[in-house]
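# Remarks on the overall topology
Now for the letters of each chain:
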Amino acid sequence: MPLVVRLERDAPPARTDALETAARAVLVLLSDERAVGAGEWAPVVHAWQDSRIRKVVRRARGAEWRRAAALPGITVTGREAEVRVFPPVPLDGWPKDLARLQVSGTELDDPGAPAEPADGVPVLWLSPALEMSAGKAMAQAGHGAQLAWWGLAAAERESWRAAGFPLAVRTAEPAAWAALTTGGLPVVRDAGFTEIPSGSCTVVADHPALRGSTLPSAG
């Protein structure tokens, strides 16, 4: 699944805003009418979900962003971040306007420590032990959001969608990480294609409706 973050030279988004917007973009596409039932994107989405749910984040600015925005997909906006998500496509079949975009070295910073998540908001907890570029972390947050979506009942999905997919992305405290990864919540395990070793636990998807469930981990 391609995702493109808008990264203008003079106005980059904050890191946490970009991560949260990427996660929300994945949910928006998965719940879009074109991606379900008899929708035009449904066959490729279903085929992709039946295999490894790989996501690749690239960056664009100026004319690059405008060309990417003209391709079939959905743009999701955060506080300042803009992320466009596209229906899944094999890497060797990407449109040239996406394939030419840079994939590595996407670095973003937060101007200050993110606030505590509001009560009841789903949280995607990042591993405190792993160093990831912003692009890598955006992809991992997207995986976590997708695992949470898969774990919800239909009514819970609809409630989340109707609310606009509120969520937070935060780095877990080291002392809490072991409990998070063994508490029955969805866990993202990286495939090891880039940056970090295969099998690394990168994200725990802590949706209130999933607490107490027994769910498999996935990568």
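Note: the structure precedes this text.
Quick look at the structure, then. (Residues numbered from 1 in each chain as written. Predicted model: local features only at pLDDT ≥ 70, side-chain atom pairs only at ≥ 80, totals over all residues. Heavy atoms only, no water.)

### Regarding the overall build of the protein
- Broken down by element type, the protein carries 7 helices and 8 strands.
- Taking 219 residues into account, the globule formula puts the C-alpha radius of gyration at 17 Å, and the protein, at 16 Å, falls close to it.
- Taken along its principal axes, the extent of the C-alpha atoms in the protein is 45 × 40 × 35 Å.
- Here the protein holds 219 residues, and 48% of them are scored as buried.
- Expressed as a percentage of contacts within the protein between residues at least 6 apart in sequence, the contacts between residues at least 24 apart total 76%.
- With the model as given, the accessible surface of the protein reaches about 10,300 Å², and the carbon-plus-sulfur share is 51%.
- Separation between the mean location of the 23 positive side-chain charges and that of the 25 negative ones in the protein comes to 6 Å. (Helix = DSSP H or I, 4+ residues; strand = E, 2+ residues; numbered from the N terminus. Rg over C-alpha atoms; globule rule 2.2 N^0.38 Å. Buried < 20%, exposed > 50% of the residue type's maximum accessible area, 1.4 Å probe, protein only. Contact = heavy atoms within 4.5 Å. Areas by Shrake-Rupley, 256 points an atom, 1.4 Å probe, with all protein chains shown as cover. Lys, Arg positive; Asp, Glu negative; His and termini not counted. Charge placed at Lys NZ, Arg CZ, Asp CG, Glu CD.)

### Digging into the side chain of T181
- Residue placement: T181 occurs in helix α7 (residues 174-181).
- Of the polar contacts made by the side chain of T181, one reaches the backbone oxygen of A178; its length is 3.0 Å.
- If we ignore the near neighbours within four places in the chain, the residues touching T181 are V187, C201 and V204. (Polar contact = N/O pair within 3.5 Å; in protein donor to acceptor, adjacent residues only side chain to side chain.)

### A look at the packing of helix α1 (residues 15-31) against helix α5 (residues 134-151)
- Between α1 and α5, whose axes approach to 8 Å, the crossing angle comes to 40°. Of the possible angle classes, the one that applies to α1 and α5 is oblique. Classified by chirality, the crossing of α5 by α1 is right-handed. On the side of α1, the interface is formed by R15, A18, L19, A22, A23, V26, L27, L30 and S31, while α5 contributes A134, A137, M138, A141, G142, A145, Q146 and W149. (Axes fitted to C-alpha atoms, helices over the stretch in contact; angles between N-to-C directions. Parallel < 35°, antiparallel > 145°, perpendicular 65-115°, else oblique. Left-handed = near helix turned anticlockwise from the far one by under 90°.)

### Structural notes on the pattern of salt bridges
- All told, the structure shown has 10 salt bridges when counted by the stated rule.
- Where R170 meets E20, a salt bridge forms, and the shortest distance between an N and an O atom there is 2.9 Å. Of this pair, R170 sits in strand β6 (residues 168-171) while E20 sits in helix α1, and the two are 150 residues apart along the sequence. Like E20, R170 is buried.
- For D190, the salt bridge goes to K136, with nearest N and O atoms at 2.9 Å. In this pair, D190 is assigned in the loop between β7 (187-189) and β8 (201-206) and K136 in helix α5, connecting sequence segments 54 residues apart. In this pair, the class of D190 matches that of K136, namely buried. (Salt bridge = Lys/Arg side-chain N within 4 Å of Asp/Glu carboxyl O.)

### Quick look at the packing of aromatic side chains
- Tallied over the entire structure, the rule returns 2 aromatic pairs.
- Note on W149 and F165: the rings are 5.7 Å apart at their centroids and 70° apart in plane angle, and the pair reads as edge-to-face. Within this pair, whereas W149 is found in helix α5, its partner F165 is found in the loop between α6 (154-162) and β6, the two being separated by 16 residues in sequence.
- The class for W149 is buried, based on a relative accessible area of 8%.
- Judged by its relative accessible area of 3%, F165 falls in the buried class.
- Here W160 and F165 contribute two aromatic rings whose centre-to-centre distance is 5.6 Å and whose plane-to-plane angle is 75°, an arrangement assigned as edge-to-face. The pair formed by W160 and F165 is uniform in burial state, with each residue classed as buried. (Phe/Tyr/Trp six-rings, centres within 6.5 Å; stacked < 30°, edge-to-face > 60°.)

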